[in-house]
Amino acid sequence: MDNCSAASMFLTDSLELELGTEWCKPPCFSCGFDNRGGGNHFSGESYLSSGALKRLILNLDPLPTNFEEDTVEIFGIQWVTETALVNSSRVLFHLFRQQLYNLETLLQASCDFGKISTLHCKADNIRQQCVTFLHYVKVFIFRYLKVQNAGSPVPVHPYETLEAQLPSVLVDELHGLLLYIGHLSELPSINLGAFVNQNQIKLFPPSWHLLHLHLDIHWLVLEILHMLGEKLKQVIYGHQFMNLAGDNLTNISLFEEHCENLLCDLISLSLNRYDKVRPSEALTSNHCPCSCIKELWVLLIHLLEHRSKWSLSESFWNWLNKLLKTLFEKSSDRRRPSVPIIQPRDPLGFSWWIITHVASFYQFDRHGTPDKMRQMESNWNFVEELLKKSINVQNSSFSISWLPLKGLTYIIKSPLSMLEMVKICCCDKQDDDLYKSSSSYTIFLCILAKAVKKAMKNNGPHPWKQIKGRIYSKFHQKRMEELTEVGLQNFFSLFLLLAAVSEVEDVASHVLDLLSFLKPSFVTSSIIWKGQMAFLLMYTQKNLDIGVLAEKFSGAFREKAKEFLVSKNDEMGQRQTLWTLLSIYIDGVQEVFETSHCLYPSHEKLLNDGFSMLLRACQESELRTVLSFLQAVLARIRSMHQQLHQELQKESVDLIVQASLSAKERHLAAVASALWRHFFSFLKSQRMSQIVPLSELADAAADFTLLAVDMPSTAPSDLQPQPVISVMQLFGWDDIIWPQVVARYLSHCLQNSMLCEALSHTGCVSFQALTVRSWIRCVLQMYINSLYVPDDLFIDINPGQAVEKEYLEQLAELTRLLFKLSEVKNIFSKAQVEYLSSPEDPTKALVLFFEAVGITYGNLQELSDKSAMVTKSLEYLGEILKYIKPYLGKKICSAGLQLTYRMMGILVKSWAQIFATSKAQKLLFRIIDCLLLPHTVLQQEKELPAPMLTAIQKSLPLYLQGMCIVCGQSQNPNAYLNQLLGSVIEQYIGRFLPASPHGSGLGQHPVLLALRNSAAVPPISPLKKCIVQVIRKSYFECKGSLLPPRLASLLAFILQLCKETIIDISEVELLLPGVLKCLVLASEPQVKRLATENLQYMVKACQVGSEGEPAAQLTSVFRHFIQDYGMRYDYQIYGILETVAALDQRVVIDLLSTLTQSLKDSERKWGLGRNIAQREAYSKLLSHLGQVGQDEMQRLESDNT
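Residues numbered from 1 in each chain as written. Predicted model: local features only at pLDDT ≥ 70, side-chain atom pairs only at ≥ 80, totals over all residues. Heavy atoms only, no water.

Right, let's get into the overall build of the protein. Each helix and strand in the protein was counted, giving 54 helices and four strands. When the 1201 residues of the protein are sorted by exposure, 52% land in the buried category. Restricting to contacts in the protein with at least 6 residues of sequence separation, those with at least 24 account for 76%. Element-wise, carbon and sulfur atoms account for 53% of the exposed surface of the protein, whose accessible area totals about 55,100 Å². (Helix = DSSP H or I, 4+ residues; strand = E, 2+ residues; numbered from the N terminus. Buried < 20%, exposed > 50% of the residue type's maximum accessible area, 1.4 Å probe, protein only. Contact = heavy atoms within 4.5 Å. Areas by Shrake-Rupley, 256 points an atom, 1.4 Å probe, with all protein chains shown as cover.)

So this is what it looks like as structure tokens:
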């Protein structure tokens, strides 16, 4: 060990084992081991892990493989192994103290990084020498010390004399050694740095070695004294010292004195840590600074328990309790311990803390291995004393100050939690970890419950009367007036426990009497309301009539509800206090109904008019609570009614049972009537407001509807004689109700097969049609909620933004259920359209429904069937324009507008044949006027909002196609309908004309799209004809030389119309004059080019239509054109006709007489003779006409007129 170097500290465990040094090294305290895996509690060198404790207790050789040689090196000197301690005991102990001094001097050296390795080696060397010597003393006692008894001969050899004196010498030397090292609590190196090992290279300062050497000495002295007693079996007296009482020092007195000193040191160390522990970390914070201190506690537990079993020594708990009791003594009365203990600020809390942690050390066996099944020695007597110290005042919190865990702060959260605590206290089998999760008062209640139950079981009710008398006598008016909040909690806990284990009615009655003694300030205490409700719940659990409690408690509820209503706009503090009490009542009454096996007349008392006042005063979050309570009670009432109904339906029910069931049904009806009276009237009044949360409103209304199905007679008179129909009209079919309410409400109703069956048998033939109407409204109004916000908060919702997820899911559910209705299924069946059993998208489902209705109508043959179908279809729609009207207001919702225009467009197109009937035509007119021709559209100077214009542009083809079909199939040709179609086309041809004819904008013009998509609908030639007429009237009938705006785009539109449709001669007759006018008057090249292309398409169209012969209408158009413009625009006319001649010479040939006459008229008008230039231009035209042209030129030349 003298040659120790820093390098040896870095040897791995496996290498040290190979060297053969680790396994035979004497055990010692060490916290410098790697426990990162968490599996080891103590070092491998420890007294526990090495088996040293086990060998001590079993009286085996302490180190069977050590000190086997004839000589042994101790403190650097060779000694004879078998005689060294006898011959040189005082010298060896002197050398021991000298080594201790050397180690203490190392504390003065500075522990910088360069010296730490050297200092560690020196300190470790000294410590190993000292520990080795003490282990040698143990081995010597076990192997070589002879037992001297009364029959032994008198020693004659000097060695024998010394050997006989050795036990006494050892007692003296050990005592001197203890005096030299002093107490652990006085050691200067007792600080955090001496305990904590933060480096993994196992290099420690001298202070660490000194502290752990002191721990070794303190423990090994106990081992040596114990071995002396075990070996010699007699008292050994010291010769040099006396104890504190003046008596001679013995091995027994020294053991006891040192044991007491050591425990005092350990308590002092724990006190130092207790003062630094936060209350919330008390249980998780260990009282041991390091694992060595923990090991010392475990060693003492095993050694003292072992000695107490085989001798008259005290047990470990007795030793510890005796010292802890001194913490509670006054300074004048305190027995002065051998080691002064710091007075703790909280002796009670500290005592609980340390015995809690020390008790956990009993799980470690002799090898330091945890064994949770290991039996712990009882310390109940001391725990009872601590409980007595805790339970001293009724108003005390009855909790351990450092243990603020579950239950220990003892805040009553609810009446149910009070009953749950009582149930736990009354449980026959208590939790093993009761002390971890319960206050000391709770533990007291457990003991009381166990005692009362045991006494009543063994001796009947007499013990209960004695206990009741003693407890009742403790509570009187003065005591009740003195109670604090904590005292009230404990008061209710105590009496609830008594009620649980004995006569509940007697205890409850006494509690009500005692509560009347409370101070007025406590009347509004939540503890009182929770306590009373806990008794009410206990009555319910025991199936007792709650009449007395219900009457008093419900009266208090009514008064507080009235105060709550009056204080609606008062200070929030008072309002919150009142709501706390009211919510206790509400939650408790709900629990009463949910746990009651049957209802009594007294249950109706719990539902008084306090709820009517409360509902009017509630805000949104409070309303959610009350309506949740309502739904729970309604569900319970219906469940109990169904059970009673099943009982009454059974055969062979005797009259007594039947009478009992009838009485229960009357009680149920009374409670149901109270719910209608106090809750439904409020819901009815709030149908159109947003004060009540919409989902809760719908849920509650649906529950009342189901109650009306089960118990119709309980509904109020204004809903009779068909309460189900009346409620559904109010919440499901009324167009003024929020769509969110309707969708959720109808989903609940349609899910209930009993309700649907009841509606089918009530004669309500329109049940399904009204439901479909409401569904259509819900789909159309899915974005309407965004419009009903303040102007400064309004944000436009684009189609890409989602609707409220909850509403969309609800709407999808309603759609799924609606598609299961027989009427809807029948429509899809007749239409032979794919039926969606589970439609996911409500808007797609609505499109399918509209189309299916239209197809179904088209397939009908009988006039009566068609008439009935029109009536039914209009019933489906209802006041549909009212549903979409909010989207057409000042607030613009892009998503709502697009949904509206698209759905209504699909409706117009799909139901065109229905709208062609006189019954439905009026609605069609209103749809067109409202959506396509509103007042703002007719004001040309005003621009439409961009979102509306976009919506119209996307859906206009649907409207045009539908209107065209209506025009073609109308039962009575309607001039107004044709006028509407013309007005729509007139308004939107210009609005959607692009600024430039180039690009793709023109191809997406909605009017052209209407024509382009016409393949899927019957022939719509009236639409094209109307378009042509509108273009002529609105754009080409300009007076004089005026041309229409955006002429290029208009000509491009006409050109696209000619290209995409088969244009007939009559339409050419209407459009061509305007095109020719543009060719004559316009100067823009783009306009001339487009007009020329139009001219060419029209001439070609006439060629096709006239089957090779020139069309008379075409010739007529050109003739009028020449007559109108020939005088002023003769050159332009000749150019135009050259273009025509290139396509069809016959058209121009037919016009020669008119052209020649126009030329002569022009020359005659100007009176200048022949116009050579004009004649040359005319001759150029004639040159394109072949022989006919040549002949006309000759005639013109030969004419001398």
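Additional details are given in the paragraphs that follow.
Turning next to the packing of aromatic side chains. With the rule as written, the count across this model stands at 48 aromatic pairs. Centroid distance F925 to Y976: 5.1 Å. Interplanar angle 85 degrees. Geometry classified as edge-to-face. Taken together, the residues span a long stretch of sequence, with F925 in helix α40 (residues 918-932) and Y976 in helix α43 (residues 975-991) at a distance of 51 residues. Taken together, the ring pairs connect W775, F819, F828, F849, F850, Y876, W911 and F915 into an aromatic cluster. Positioned over the ring face of F255 is R307, at 3.7 Å from the centre of the ring. Cation over ring: K866 sits above Y857, and NZ or CZ is 4.5 Å from the ring centre. (Phe/Tyr/Trp six-rings, centres within 6.5 Å; stacked < 30°, edge-to-face > 60°. Lys NZ or Arg CZ within 6 Å of the ring centre and 35° of its normal.)

Bringing the pairing of strand β2 (residues 77-80) into the picture now. Pairing analysis gives four bridges linking strand β1 (residues 71-74) to β2, with the strands arranged antiparallel. The residue bridging V72 from the neighbouring strand is W79, located in β2. Between the end of β1 and the start of β2, which pair antiparallel, lie two residues, with F75 showing a positive phi angle near 55 degrees. (Pairing = 2+ DSSP bridges.)

Another aspect to go through is unusual backbone geometry. The omega torsion of the bond from Q720 to P721 falls at 5 degrees, within 30 degrees of zero and hence cis. Its location among the elements puts P721 in the loop between α28 (694-710) and α29 (723-731). If you check the backbone angles, N59 has positive phi at about 60 degrees while not being a glycine. Its location among the elements puts N59 in the loop between α2 (52-57) and β1.

Attention now moves to the nonpolar core. With 288 residues, the main nonpolar core has F491, F495, L614, I637, W775, F849 and L1155 as its most contacted residues. Among the elements that take part in this core, helix α42 (residues 946-969) stands out by supplying 13 residues, more than any other. In this structure, L614 is in contact with F557, A561, F564, W579, L582, I586 and V626, ignoring residues within four places of it in sequence. In terms of nonpolar packing, the next biggest core, distinct from the first, is built from 110 residues, L170, L178, F204 and C288 among them. (Core = buried A, V, L, I, M, F, W, Y, C linked by side-chain atoms within 4.5 Å.)

Now for helix α45 (residues 1021-1036). Along its 16 residues, α45 runs 21 Å from first to last C-alpha, staying within 8% of the 22 Å computed at 1.5 Å per residue. The set of residues buried in α45 consists of L1023, K1024, C1026, I1027, V1028, V1030, I1031, Y1035 and F1036. Buried residues along α45 sit in contact with α42, α43, α44 (1006-1012), α46 (1047-1060) and α47 (1065-1081). (Expected span 1.5 Å × (residues − 1).)

What follows covers the packing of helix α26 (residues 620-649) against helix α27 (residues 655-685). Two elements in contact, α26 and α27, have axes separated by 10 Å at closest approach and are oriented at 155 degrees. With respect to α27, the axis of α26 lies roughly antiparallel. Between α26 and α27 lies a crossing whose hand is left-handed. In terms of residue class, the contact of α26 with α27 is built from 19 nonpolar, two polar and three charged. (Axes fitted to C-alpha atoms, helices over the stretch in contact; angles between N-to-C directions. Parallel < 35°, antiparallel > 145°, perpendicular 65-115°, else oblique. Left-handed = near helix turned anticlockwise from the far one by under 90°. Nonpolar A, V, L, I, M, F, W, Y, C, P; charged D, E, K, R; others polar.)

What follows is about the pattern of salt bridges. According to the stated counting rule, one finds 37 salt bridges in the structure shown. Across the pair R97 and E173 runs a salt bridge, and its minimum N-O distance is 3.3 Å. One end of the pair, R97, is in helix α4 (residues 89-105); the other, E173, is in helix α6 (residues 158-181), and 76 residues separate them in sequence. Residue E173 is classed as buried on the basis of its relative accessible area of 7%. Across the pair E1197 and R1170 runs a salt bridge, and its minimum N-O distance is 3.7 Å. Of the two residues, E1197 sits in helix α54 (residues 1186-1198) while R1170 sits in the loop between α52 (1152-1166) and α53 (1172-1182), which places them 27 residues apart along the sequence. (Salt bridge = Lys/Arg side-chain N within 4 Å of Asp/Glu carboxyl O.)

Quick look at the environment of L53 now. Along the chain, L53 turns up in helix α2. L53 sits 170 residues away from E223 along the chain, and the two C-alpha atoms are 9.0 Å apart. Sequence-distant contacts of L53, that is, excluding residues within four places in its chain, are made with Y47, L48, W219, L299, H302 and R366.

Glancing now at the confidence of the model for the protein. Keep in mind that low pLDDT regions are not for reading the predicted coordinates in detail. Per-residue confidence for the protein averages 83 on the pLDDT scale, and 85% of its residues sit at or above 70. Contacts of residues 1-23 to residues separated by more than four positions or lying in other chains number 25 contacts, the stretch itself having pLDDT below 50. Here residues 402-410 is a poorly scored stretch, pLDDT under 50, and it has 32 contacts once near neighbours within four places are set aside; other chains count. (pLDDT = per-residue confidence, 0-100.)

One can find G531 in helix α21 (residues 526-541). Assessed through its relative accessible area of 0%, G531 is described here as buried. Distance from G531 to L419, taken between C-alpha atoms, is 9.4 Å for residues 112 residues apart in sequence. If we skip the residues at most four places from it in the chain, G531 touches M418 and F492.

This part takes up the packing of helix α23 (residues 572-595) against helix α25 (residues 610-617). The packing of two helices is summarised by the inter-axis angle and the distance between the axes. It is the contact of α23 with α25, at a shortest axis distance of 13 Å, that shows an interaxial angle of 135 degrees. As judged from the angle between their axes, α23 and α25 are oblique. Handedness of the crossing formed by α23 with α25: left-handed. Two secondary-structure elements touch here, α23 through R575, W579, L582, Y585 and I586 and α25 through F611, L614 and A617. Partitioning the contact of α23 with α25 into residue classes produces seven nonpolar, no polar and one charged.

Moving on, we get to a nonpolar patch on the surface. Judged by side-chain polarity, V235, Y237 and I252 come together as a nonpolar surface patch covering roughly 260 Å² of accessible area. Along the chain, the position of V235 falls in the loop between α8 (206-232) and β3 (237-242). (Patch = residues over 30% accessible without salt bridge, like charges linked within 9 Å, V, L, I, M, F, W, Y side chains within 5 Å.)

Here we take up helix α35 (residues 842-859). For α35, which comprises 18 residues, the first-to-last C-alpha distance of 26 Å matches the rise-based estimate of 26 Å (1.5 Å per residue) to within 8%. Taking burial as the measure, the 18 residues of α35 include 13 buried ones, the bulk of the element.

Right, let's talk about the environment of L249 for a bit. Mapped onto the secondary structure, L249 falls in strand β4 (residues 248-250). Along the primary structure L249 and V171 are separated by 78 residues, whereas in three dimensions their C-alpha atoms are 8.0 Å apart.

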